[in-house]
Amino acid sequence: MSGPPPSTVRTEDDAEIVAQSLEQPELFALLYDRYAPDIHRYAARRLGDTAADDITADTFLVAFRIRSRYDRMRPNARPWLYGIAGNLIGKQRRAEVRALRALARTGHDPVAASWGESWVEDTDSRIAAQGPLAGALAGLSAPDRHVLLLVAWAELTYQEVAEALDIPVGTVRSRLNRARRKVRTALGADPAFVTDAAEVA
């Protein structure tokens, strides 16, 4: 027996979409349409545009396969999807660290070069141009770097990062504070990077 027609699914509630997609798999495309652009942008900032295509596709493939385990008490699937994407990015952390170290050493960022003109003209060009930042990011542990970039680049709140990584909020705060200290030291306390909108979360 099939579930309710798509028109009756509460599309503002991601948990409802996931639940109904168990009976109507095509409904999961609503989450793809809603969050794939954000996941792609985040992955592109970390690994480059080409890798981001694969990360985005794999994120939603994994999410679809494990959707029966989704916590339906969470109406917003965004942190869950970022957690999956983060795990996939983590498998390529050596490539990410190599690119960051190359930027720190040479000033050339092959990741930013793959973003396209609109990205290069964005504020990320300021970030990519700073070798000290790249060196600081490369020097962070993978868990600390991941928390910092989820806050700074994906703009997740502390609670959302905790949900994404399945860790306590206190751990998010301690990792973020440690990462910020290292970045502040490398950048001379550049407030444009170390301030985040989740401070009040």
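Here is what the cut-offs are and how they apply
- Residues numbered from 1 in each chain as written.
- Predicted model: local features only at pLDDT ≥ 70, side-chain atom pairs only at ≥ 80, totals over all residues.
- Heavy atoms only, no water.
- Salt bridge = Lys/Arg side-chain N within 4 Å of Asp/Glu carboxyl O.
- Helix = DSSP H or I, 4+ residues; strand = E, 2+ residues; numbered from the N terminus.
- Buried < 20%, exposed > 50% of the residue type's maximum accessible area, 1.4 Å probe, protein only.
- Lys, Arg positive; Asp, Glu negative; His and termini not counted.
- Contact = heavy atoms within 4.5 Å.
- Axes fitted to C-alpha atoms, helices over the stretch in contact; angles between N-to-C directions.
- Parallel < 35°, antiparallel > 145°, perpendicular 65-115°, else oblique.
- Left-handed = near helix turned anticlockwise from the far one by under 90°.
- Nonpolar A, V, L, I, M, F, W, Y, C, P; charged D, E, K, R; others polar.
- Bend = angle between axes of the 7 residues up to and from the residue.
- 1 Å grid on protein atoms, 1.4 Å probe; cavity = no way out; pocket = protein on both sides within 12 Å on 5 of 7 lines; lining within 4 Å.
- Points joined across faces, edges and corners; volume = space filled by probe spheres on them.
- Domains from an automatic or database assignment.
- Polar contact = N/O pair within 3.5 Å; in protein donor to acceptor, adjacent residues only side chain to side chain.

> Before we move on, can you summarise the pattern of salt bridges with the specific residues and values?
If you walk through the whole model with that rule in mind, you get five salt bridges. D14 is paired through a salt bridge with R34; the nearest N and O atoms lie 2.5 Å apart. Within this pair, whereas D14 is found in helix α1 (residues 14–21), its partner R34 is found in helix α2 (residues 29–47), the two being separated by 20 residues in sequence. Under the relative-accessibility criterion, D14 is labelled buried at 1%.

> Mind laying out the side chain of E163, listing which residues take part and the relevant values?
Among the secondary structure elements, E163 is positioned in helix α11 (residues 158–165). The side chain of E163 is buried and forms no salt bridge, while R74, the nearest opposite charge, is found at 4.0 Å. Apart from the residues lying within four places of it in its own chain, the contact partners of E163 are R74 and P79.

> Requested: an account of the packing of α2 against helix α4 (residues 78–90), with residues and values cited.
Running from N to C, α2 and α4 point in directions that differ by 30 degrees, and their axes come no closer than 11 Å. By the criterion of interaxial angle, the relationship of α2 to α4 is roughly parallel. In the packing of α2 onto α4, the handedness of the crossing is right-handed. Residues Y35, D38, I39, Y42, A43, R46 and L47 of α2 form the contact with α4, whose own contacting residues are R78, L81, Y82, A85 and I89. Grouping the constituent residues of the contact of α2 with α4 by class yields nine nonpolar, no polar and three charged.

> Tell me about α2, and name the residues and values.
In α2, a bend of some 50 degrees at Y35 exceeds every other bend along the element, and P37, a proline, comes one to four places later. The complete set of buried residues in α2 reads L31, Y35, A36, I39, Y42, A43, A44, R45, R46 and L47. Just downstream of α2, G48 is the residue with a positive phi angle, here 100 degrees.

> Help me get a handle on the layout of surface pockets, residues and values and all.
Of the volumes computed, that of the largest pocket is approximately 510 Å³. Residue lining of the largest pocket: 26 residues in total, with G83, I84, G86, N87 and A164 positioned closest to the centre. For the lining of the largest pocket, the secondary-structure elements that each account for two or more residues are α4, α5 (93–106), α10 (142–152) and α11. The element contributing the most residues to the lining of the largest pocket is α4, with eight residues. Its residues assigned to classes, the lining of the largest pocket shows 11 nonpolar, five polar and 10 charged. Structurally, the lining of the largest pocket is a two-domain feature, drawing no fewer than three residues from each of domain 1 (12–109) and domain 2 (130–191).

> Before we move on, could you go through the environment of R45 and cite the residues and values that matter?
Here R45 is to be found in helix α2. Here the alpha-carbon distance between R45 and W153, two residues 108 residues apart in the chain, equals 8.1 Å. Of the polar contacts made by the side chain of R45, one reaches the backbone oxygen of W153; its length is 3.2 Å.

> Kindly report on the packing of α11 against helix α12 (residues 169–187), identifying the contributing residues and their values.
Where α11 meets α12, the closest approach of the two axes is 9 Å, and the angle between their N-to-C directions is 105 degrees. When the axes of α11 and α12 are compared, the pair comes out roughly perpendicular. Contact residues: Y158, Q159, V161, A162 and L165 in α11; V169, V172, R173, R175, L176 and R180 in α12. Per-class residue counts for the contact of α11 with α12 are seven nonpolar, one polar and three charged.

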